[in-house]
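So you can see what is in the structure, the chains are spelled out below.
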Amino acid sequence: MMHIGLMAIMRAGIVLGIAVTLMPGGGPAQAQFGGEVSVGKGRTSIRIVAPGANTNAVNPVQGNRRFVSRTIKQINIVNGNNPLNQIDPVRNNNGQVFAQLQDAVNANQGNNNNNNDNGAGLANCQGVTVQMQASGTAPADFRFASLDIDPNNGSCTVVADGSTGSALIAQIPSNGGTDFAAAEVFPDRLVGLFEFDPPGALNVRVPLDVPTSVTVKATNGFTVQITVTVSALGGGEFNFTVNAIQQVA
C-alpha cells in the first residue's frame, strides 16, 4: 500500500496518471493501472492488486509491484493555499496574500472550522491585509478587494481581487473612476445578499489611510459592522485592510 500525504495547508484536487508494473506469481506480467486517481486533502491510500483478484476479499492476493511512472496531469485549486498563486505561492489562502507565513497558516486553519456559533467565523477576516488586484472586467488601472461572508454561519474570507464579495467590495478609484484619493465600498448588488444598514446608500467613500466603518445587513437579518482602510503602495497599487469586524445583530 502506498500513502500519498499532502501538506495540511494545501487543499487542492490533484489528478495523477500512474503506470504500474505488476509481477504476480512466478513471472513478470505487464499491466496498466486503469483510470485516474484523485487525491484530495489529507492522506489517500492506493491499493494495487493483481488483475482479476477479488478486491472484496479481506486479504486479496497482491503481486509484487513497482511504479514506473507518475505524472501530475492536472491541479484544480478547490480552496485554501494556491501553489500557483503568481504573487506568492506559499503565503496565500483563498485569494489572500499574507506578509507572514504563520498568518497564511492561521487563515487556512480557520477554513477547516465549521463556525456555527453566532458569527465567530468573522475573526478569520480580522486584521487581514491584502494587495488589491485588477479585474478582467474593469479598466486596467482599477483595483479591487472584497469581503465574502456567509450570513448563515458567519464564516468570512477576504478576497484580493474582489471576484466574490457578497458583503462588501472595495474599489479604487471612487466617484465613477475619477478619484484616486479614495476608494469606495459597497455590497455586491448582483449577489443581492447584503445591503447597507440603514439602506439607501449605493456606496461609501473611503479616503486613503483613513479607517472607515460601514454596517451591512443580510437578507436573513445577520448584521455586521466592518472597519476598513485603503492605503497606497505607490505605482498605482493599494492595500486593503480589515481593521475590525463584528456582528451587531
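Residues numbered from 1 in each chain as written. Predicted model: local features only at pLDDT ≥ 70, side-chain atom pairs only at ≥ 80, totals over all residues. Heavy atoms only, no water.

Engineer: Could you give an account of the confidence of the model for the protein chain, with specific residues and numbers?
Structural biologist: Of all residues in the protein chain, 61% have pLDDT values of 70 or greater, and the mean over the chain is 74. Here residues 1-45 scores under 50 on pLDDT; set against residues more than four positions off or in separate chains, the count is 121 contacts. With pLDDT under 50 throughout, residues 111-120 is counted as low confidence; its partners more than four residues away or in other chains account for 16 contacts. (pLDDT = per-residue confidence, 0-100. Contact = heavy atoms within 4.5 Å.)

Engineer: For the state of the cysteines, give the residues involved together with the corresponding values.
Structural biologist: Considering all chains together, one arrives at one disulfide under this definition. One disulfide in the model links Cys-125 with Cys-156; its S-S distance is 2.1 Å. The S-S bond linking Cys-125 to Cys-156 shows a torsion near -110°; that makes this disulfide left-handed. Here Cys-125 is found in the loop between α1 (101-111) and β9 (129-131), whereas its partner Cys-156 is found in strand β11 (residues 156-159), with 31 residues between them in sequence. For Cys-125, a relative accessible area of 0% gives the class buried. Overall, the relative accessible area of 2% leaves Cys-156 in the buried class. (Disulfide = S-S within 2.5 Å. Helix = DSSP H or I, 4+ residues; strand = E, 2+ residues; numbered from the N terminus. Buried < 20%, exposed > 50% of the residue type's maximum accessible area, 1.4 Å probe, protein only.)

Engineer: Describe the pattern of salt bridges, listing the residues and the values that go with them.
Structural biologist: Side chains that carry opposite charge are capable of pairing whenever their charged atoms lie near each other. Scanning all chains against the criterion turns up three salt bridges. Residue Arg-91 pairs with Asp-88 through a salt bridge whose shortest N-O separation is 2.8 Å. Overall, Arg-91 belongs to the partly exposed group, its relative accessible area being 33%. For Asp-88, a relative accessible area of 12% corresponds to the buried category. Between Glu-237 and Arg-143 there is a salt bridge, with its nearest N and O atoms 3.0 Å apart. Of the two residues, Glu-237 sits in strand β18 (residues 237-247) while Arg-143 sits in strand β10 (residues 143-149), which places them 94 residues apart along the sequence. (Salt bridge = Lys/Arg side-chain N within 4 Å of Asp/Glu carboxyl O.)

Engineer: Please give an account of the environment of Gly-221 that cites residues and values.
Structural biologist: Examined against the element boundaries, Gly-221 turns out to sit in the loop between β16 (212-218) and β17 (223-234). By relative accessible area, Gly-221 is classed as partly exposed at 25%. It is 7.1 Å that separates the C-alpha atoms of Gly-221 and Ala-249, two residues lying 28 residues apart in sequence.

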